[in-house]
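Architecture and fold: a report
One letter stands for each residue in the lines below.
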Amino acid sequence: MREYWKAFVDFFVSLKLTVVLLALSIVLVFWATLAQVRLGVWGVQEEFFRTFFVLARIPGTEVPVPVFPGGYFIGTLLLINLVAAHIYRFQFTWRKAGIQLVHAGLILLLVGELLTSLWQEEYQMRLDEGQTRNYSESYRDNELAIVDTSNPKYDEVTAIPDQLLKREGEIQDPKLPFRVVIHRYYPNAALQMRNRVPNAPPSPATTGIGTQLVVTPLPLTYKQNERNLAAAVIELIGPEGSLGTWLVSTQLAMPQTIDYAGRTWALTLRFARNYKPFSLTLLKFRHDVYPGTNIPKNFSSQIRLTTPGDHNDREVLIYMNHPLRYAGLTFYQAGYDGDHTTVLQVVHNPSWLLPYLSCALITLGLLLQFGVSLTKFIARRRSAA
Amino acid sequence: MRLRRAIPAALTIILLLSACREAKVAHYRVPKEKPPTLPPAMAAGSGMADASVPTAQGAGLTWTAPAHWTAKPASAMRRGSYDVKGADGAVADMSITAFPGDVGGELANINRWRGQLALPPIGDGDLPQVTTTVKDGPLTFVLVDFDSPQGASPERILGAFTSYDGNTWFFKLKGPAPLVEHEKPAFLTFLQTVKAP
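Cut-offs applied
Residues numbered from 1 in each chain as written. Chains lettered and ligands numbered in written order. Predicted model: local features only at pLDDT ≥ 70, side-chain atom pairs only at ≥ 80, totals over all residues. Heavy atoms only, no water. Helix = DSSP H or I, 4+ residues; strand = E, 2+ residues; numbered from the N terminus. Buried < 20%, exposed > 50% of the residue type's maximum accessible area, 1.4 Å probe, protein only. Contact = heavy atoms within 4.5 Å. Areas by Shrake-Rupley, 256 points an atom, 1.4 Å probe, with all protein chains shown as cover. Core = buried A, V, L, I, M, F, W, Y, C linked by side-chain atoms within 4.5 Å. Patch = residues over 30% accessible without salt bridge, like charges linked within 9 Å, V, L, I, M, F, W, Y side chains within 5 Å. Salt bridge = Lys/Arg side-chain N within 4 Å of Asp/Glu carboxyl O. Pairing = 2+ DSSP bridges. Axes fitted to C-alpha atoms, helices over the stretch in contact; angles between N-to-C directions. Expected span 1.5 Å × (residues − 1). Arc of directions from axis to C-beta. Phe/Tyr/Trp six-rings, centres within 6.5 Å; stacked < 30°, edge-to-face > 60°. pLDDT = per-residue confidence, 0-100. Parallel < 35°, antiparallel > 145°, perpendicular 65-115°, else oblique. Left-handed = near helix turned anticlockwise from the far one by under 90°.

Another point: the overall build of chain A. Helix and strand counts for chain A stand at 6 helices and 18 strands. Of all 385 residues assigned to chain A, the portion counted as buried reaches 41%. For chain A, restricting intrachain contacts to residue pairs at least 6 apart in sequence, the fraction spanning at least 24 positions comes to 54%. When the accessible surface of chain A is split by element, carbon and sulfur atoms take 60% of a total near 21,900 Å².

Right, here's the structure in full:
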């Protein structure tokens, strides 16, 4: 038994494992770089790095098989390898203090990346000049919002995330007086007016604008300048039977409404929203180009930040490399659309400090290590002289 | 020794946290949102009403509708929508839509409108006979005017489209032929008010 344990420990603390894992990660990065042409940055992250295995389909089928270790697999083993070696060989001496610090920095770097991939949330906020918003929207995630608009002062929102919509089942929510049945969910689809599509199949929708539309599923796009536009066929069922079937899509900006149980409900499939306890107003967007060209020189957004009760009401200027940091969120100037619309990237990353700390630790460790070696070297030369 | 136990435990917790992100239905209360900007209802007595309609891709074209056109709520497909009423109770429908790209090109768009009046499609060579080009500042409109075949209630389409900021904007007045004929001057005046911001 002891021998097994020793073999187990030897495997995880061995330098050979480190070398093999580093070699695998080089191959993974190289392969992912080539695949980026086809999949884009987001697709590569999902298929190569934020996964335990890189999957490939068996030709002619949709059956996925693992063909190479993914980022999580290599990263986790590297972390275990590093921590195990650290524990197993830990000896505190000034001679080794530098190396220990470098390793601690590396461990922190790996843990930081793991936490970032688990906790980081990225949204975007589009603002036209003069527009105020208190929410940001996801790039990729969608939600079905069923909003009770009966109260004149506020809206009661029930938001069903797309992870649940993809399962295409039935959702019974205590806040809703009806069941929501998701018949079909299309992660990316095109909509066309029915009168433009000859021989279109009958619409699955029985009410709303969906009756006039034809939905065509499209393959997922991973291109950076394209977005997947989801659509779904949903049916609401009350105690007395079906209330109707709707086609909802992120392409349909106007909500579809239904009156039921004395209340009015609005249905929208939209990019997942993240509401904030404060609001931003775009006062002025500036977009300067180099004279005589269309090359952007500078773009900046003058924003008014307001919290309820006027606890905070101030103007801020967000521009390249000068984000607004507020309430644990970072607002970067990410893009623009025309001369009067800004696009801000909104990032929530509780572990954003870890990479900085780990770099500081590694630098300190290297300085200490080389410092100790240099001191020794000088002392030896002196004694030799 | 404590540290040696604590580190694997911490790693296990981190990995377990990753499994705790189960999707859930969310509930929250938000202040009433302003409805999407629609052409405001015509104020009684005002000569013309401004209707500035931003597109999904940002600020779009603006226009000023004649006072006797009645604004309707814009639908998911429409940027602007009006009822144009005649003296005899007849109603024509004025729609303003915008779609990315050229939506199939000039010929396809014209044939789509012809199809709505049960007219046969035309070819490229016929375009100069059925279109008029009007330039108004940075915008160039292609104008068409089609009558449906004579029937019990002949219909007519007065349409114009223009490219702006990568989108094609369509302005279409469709309704009973006599009413559309009567509204033609108002439609042409209206087109002159369409401006890029």
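A word on the nonpolar core. Residue and element names in this part refer to chain B. Among the nonpolar cores identified, the biggest contains 28 residues, and Trp 69, Met 94, Phe 171, Phe 187 and Phe 190 are the most heavily contacted of them. Secondary-structure elements contributing two or more residues to this core are β3 (62-66), β4 (69-71), β5 (80-85), β6 (91-100), β8 (139-147), β9 (155-164), β10 (167-176) and α4 (177-193). Per element, the largest residue contribution to this core is 6 residues, and it comes from α4.

Further remarks concern a nonpolar patch on the surface. A cluster of nonpolar side chains, A:Trp31, A:Ile58, A:Val63, A:Val65 and A:Val67, forms an exposed patch at the surface whose accessible area comes to about 370 Å². Inspection of the secondary structure assignment puts A:Ile58 in the loop between β1 (53-57) and β2 (64-69).

Backbone-to-backbone hydrogen bonds join strands into a sheet, with any given pair of strands oriented parallel or antiparallel. Residue and element names in this part refer to chain A. Taken in spatial order, the 4 strands line up as β6-β7-β10-β11 in an open sheet, and their pairing is antiparallel. On the outer flanks of this sheet lie β6 (170-172) and β11 (241-249), each paired with one strand and no other. Neighbour to neighbour, the strand axes of the sheet diverge by 25° on average, direction disregarded. With 7 bridges joining them, strand β7 (residues 179-186) and strand β10 (residues 231-238) adopt antiparallel strand pairing. Note that in β10 the partner of Ile 182 across the bridge is Ile 234.

All names here are of chain B. Among the structural elements, Thr 168 can be located in strand β10. Residue classification places Thr 168 among the buried positions, given a relative accessible area of 4%. With sequence-adjacent residues up to four places away left out, Thr 168 is seen in contact with Thr 97, Ala 98, Phe 99, Gly 101, Asp 102, Val 103, Phe 161, Thr 162 and Ser 163.

Another aspect to go through is the sheet that holds β6(B). All names here are of chain B. Taken in spatial order, the 7 strands of this open sheet run β4-β5-β6-β10-β9-β8-β7, and their pairing is antiparallel. Edge positions in the sheet fall to β4 and β7 (132-136), since each has one partner strand and no second. Strand-to-strand twist across the sheet, computed as the mean angle between neighbouring axes with direction ignored, equals 20°. With 10 bridges connecting them, β9 and β10 associate as antiparallel partners. In the strand pairing of β10, Phe 161 is matched with Phe 170. Packing against the sheet, helix α2 (residues 106-116) makes contact with β8, β9 and β10, and its axis sits at approximately 160° to β9. Along the sheet, α4 makes contact with β4, β5, β6, β7, β8, β9 and β10, crossing β10 at roughly 150°.

Residue and element names in this part refer to chain A. In this model, helix α1 (residues 2-13) (12 residues) spans 16 Å end to end at C-alpha, consistent with the 16 Å of a helix rising 1.5 Å per residue. Along α1, the residues classified as buried are Val 9, Phe 12 and Val 13. Buried positions in α1, seen along its axis, are confined to an arc of 90° and lie on one side of it. Residues Glu 3 and Tyr 4 are exposed on α1 and point more than 90 degrees away from its buried face.

What follows deals with the pairing of strand β14 (residues 296-306) of chain A. Residue and element names in this part refer to chain A. Where strand β13 (residues 263-289) meets β14, 10 bridges bridge the pair, whose relative direction is antiparallel. Paired with Phe 285 across the two strands is Ser 301, which belongs to β14. Looking at chain direction, β14 and strand β15 (residues 313-319) are connected through 7 bridges and run antiparallel. Note on β15: the bridge partner recorded for Gln 302 is Leu 317.

So, on to the pairing of strand β4 (residues 132-148) of chain A. All names here are of chain A. In terms of residue burial, β4 counts as a mostly covered element, since 12 of its 17 residues are buried. By the bridge criterion, 2 bridges tie strand β3 (residues 121-128) to β4 in an arrangement that is antiparallel. Across the sheet, residue Gln 124 finds its bridge partner in β4, namely Glu 137. Hairpin connection, β3 to β4: the antiparallel pair is bridged by 3 residues, and Gly 130 has positive phi, about 90°. As paired elements, β4 and β13 share 12 bridges and run antiparallel to each other. Paired with Arg 133 across the bridge in β13 is Leu 280. One ladder, built from 6 bridges, connects β4 with strand β5 (residues 154-161); its direction is antiparallel. If you follow Val 147 over to β5, its bridge partner there is Val 157.

Turning our eyes to something else, we now look at the packing of aromatic side chains. Aromatic ring pairs are reported here in terms of the distance separating the ring centres and the angle at which the planes meet. Overall, the coordinates contain 26 aromatic pairs over all chains when judged by the stated rule. Here A:Phe278 and A:Phe331 contribute two aromatic rings whose centre-to-centre distance is 6.2 Å and whose plane-to-plane angle is 70°, an arrangement assigned as edge-to-face. One end of the pair, A:Phe278, is in strand β13; the other, A:Phe331, is in strand β17 (residues 329-336), with 53 residues separating them in the sequence. Per residue, the accessibility class of A:Phe278 equals that of A:Phe331, and both read buried. When the ring of B:Trp69 is compared with that of B:Tyr82, the centres are 5.9 Å apart and the planes differ by 55°; the resulting orientation is tilted. Of this pair, B:Trp69 sits in strand β4 while B:Tyr82 sits in strand β5, and the two are 13 residues apart along the sequence.

Moving on, we come to the confidence of the model for chain B. When pLDDT is low, close inspection of the predicted coordinates is not appropriate. Residues and elements named next belong to chain B. Scored by pLDDT, chain B comes out at a mean of 75, with 73% of its residues at no less than 70. In this model, residues 36-58 is a region of pLDDT below 50 whose contacts with residues beyond four sequence positions or in other chains number 58 contacts. Scoring of the predicted complex yields 0.59 for pTM and 0.73 for ipTM.

Our next topic: the packing of helix α2 (residues 15-49) of chain A against helix α3 (residues 71-88) of chain A. To characterise two packed helices, one gives the angle between the axes of the helices and the distance between these axes. Residues and elements named next belong to chain A. At their nearest, the axes of α2 and α3 sit 9 Å apart, and the two run at 150° to each other. For the element pair α2 / α3, the angle class is roughly antiparallel. Between α2 and α3 the crossing geometry is left-handed. On the side of α2, the interface is formed by Leu 17, Thr 18, Leu 21, Leu 22, Leu 24, Ser 25, Leu 28, Phe 48 and Phe 49, while α3 contributes Gly 71, Tyr 72, Ile 74, Leu 77, Leu 78 and Asn 81.

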